[in-house]
Amino acid sequence: MKVENQTIKSKKSEFFEKFKKINDFLRSKKKKLKDKKFHLESIKTINSIYKDEKCDLFTHVQIETISKCNGRCSFCPVSAKIDPRNLEYMKEELFFKILSELKQINFKGVLSFFGNNEALLDKRIIDWIEKARDMLPETVFGLYTNGTPLNLKKFLRLTNVLDELVINNYNDAAKLHSNVEEIKKHVDNSNSKYDNVILRYRLENQIMNTRSGNSPTALNIKINATCTYPFHQINILPNGNISLCCNDAYGDKIMGNIKENTLINIWNNVEYKKLRNEIYSSRQNIDFCKSCDEMDNNDDYHYKNSLIEKKKNETKKIDADMSK
């Protein structure tokens, strides 16, 4: 298990957050200085996957089966303190329709079983992931959780079927929740390495990205850089709607609905193509994206690709061992 302490860097930011005007100026200046460089890096990535105004296939699918989170993070627009969404569960029939479509196209990208939610609040999700693993043995499975609904039994089941389990332990004192601490003790005393697990110490209260302007702590930062998400990521909400990206927490920008069409048809529809052409030169061309200061999407694409390559190599090794 890999352990990352992100509170150290965050606490430095926390110090400047006490001085709002100075902090706002510094964050805005930093984003704007990075804007042009980030745009060029992202364009290079997009050009490698966006040919003749066509994206053949998404490489990252994100499924949200429940529309709620129990976290109270100050930076999140769907924190349990302020979430305006109604509680909604994805129907089992719809979930497995998505899985069947992915199986039919032999999807070998990344399938994430979370969105703007706490996935483990859905008590069905582990059973569903286990069934999904049998359907999609070569797909990268990932799940991010704040860890609060997790126990050792769930942890062992998840690590048996996931390629990546990320536990974001939100605590301003940088202390593990008691249940997460129990899991860490198990890992520390186990002969298994749990290489598919990342435990992150995170702060609950801090300023992060604007989430398209919906974050309660959002700063008024305008950048021009493009975004890679519409070129590789497809997000499915509990009601079957396809939202623009992972920053669209409320589902404000809908590209289609999986109940009415297939993932492939939605991905290649006229609205998606128009949006990609417009955002290619600047996110300021898209009303929904104008207030978004997200600059991690390009890194996210390459990180997801590294998980895909790792899975391919593991599959090749298994096949080779079986053929001996």
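Above this text you will find the structure in question.
On a predicted model such as this, the values are computed, not experimentally measured, just so you know.

Quick notes on the rules
Residues numbered from 1 in each chain as written. Predicted model: local features only at pLDDT ≥ 70, side-chain atom pairs only at ≥ 80, totals over all residues. Heavy atoms only, no water. Salt bridge = Lys/Arg side-chain N within 4 Å of Asp/Glu carboxyl O. Helix = DSSP H or I, 4+ residues; strand = E, 2+ residues; numbered from the N terminus. Buried < 20%, exposed > 50% of the residue type's maximum accessible area, 1.4 Å probe, protein only. Phe/Tyr/Trp six-rings, centres within 6.5 Å; stacked < 30°, edge-to-face > 60°. Pairing = 2+ DSSP bridges. Axes fitted to C-alpha atoms, helices over the stretch in contact; angles between N-to-C directions. Contact = heavy atoms within 4.5 Å.

## Quick look at the pattern of salt bridges
Taken as a whole and judged by the stated rule, the model has 19 salt bridges. Lys 68 is the partner of Asp 83 in a salt bridge, and the nearest nitrogen-oxygen pair spans 3.6 Å. You can see Asp 83 sitting in the loop between strand S2 (60-63) and helix H3 (92-104) and its partner Lys 68 sitting in the loop between S2 and H3, a full 15 residues away along the chain. The two residues Asp 83 and Lys 68 agree in class, both being buried.

## Here we look at the packing of aromatic side chains
The final tally for this structure, using the stated rule, is 13 aromatic pairs. Between Phe 75 and Tyr 170 the ring centres are 6.1 Å apart and the planes differ by 50°, which places this aromatic pair in the tilted class. On the criterion of sequence distance, the pair formed by Phe 75 in the loop between S2 and H3 and Tyr 170 in strand S5 (residues 164-170) is long-range, its members being 95 residues apart. When sorted by exposure, Phe 75 lands in the same class as Tyr 170, which is buried. Taking the centre distance of 6.3 Å and the plane angle of 35° together, the rings of Phe 95 and Phe 113 count as tilted.

## As for the sheet that holds strand S7 (residues 233-236)
In a beta sheet, neighbouring strands are held together by backbone hydrogen bonds and run either parallel or antiparallel to one another. Within the open sheet, the nine strands sit side by side as S1-S6-S5-S4-S3-S2-S7-S8-S9. Their pairing is mixed. Each of the sheet's edge strands pairs with one partner strand only, and the pair in question is strand S1 (2-5) and strand S9 (254-257). Taken over all neighbouring pairs, the strand axes of this sheet differ in orientation by 20° on average, direction set aside. Summarising the sheet, S5 and strand S6 (residues 197-202) pair through six bridges and their orientation is parallel. Paired with Val 166 across the two strands is Ile 198, which belongs to S6. Contacts from H3 reach S2, strand S3 (110-112) and S7 within the one sheet, and its direction differs from that of S2 by about 170°.

## Some remarks on the pairing of S6
Taken across its six residues, S6 has six buried, putting it largely inside the fold. Both faces of S6 are covered, namely the face carrying Val 197, Leu 199 and Tyr 201 and the face carrying Ile 198, Arg 200 and Arg 202.

## Quick look at the environment of Asp 24
When you line up the elements, Asp 24 lands in helix H2 (residues 20-49). Separated by 194 residues in sequence, Asp 24 and Ala 218 place their C-alpha atoms 9.8 Å apart.

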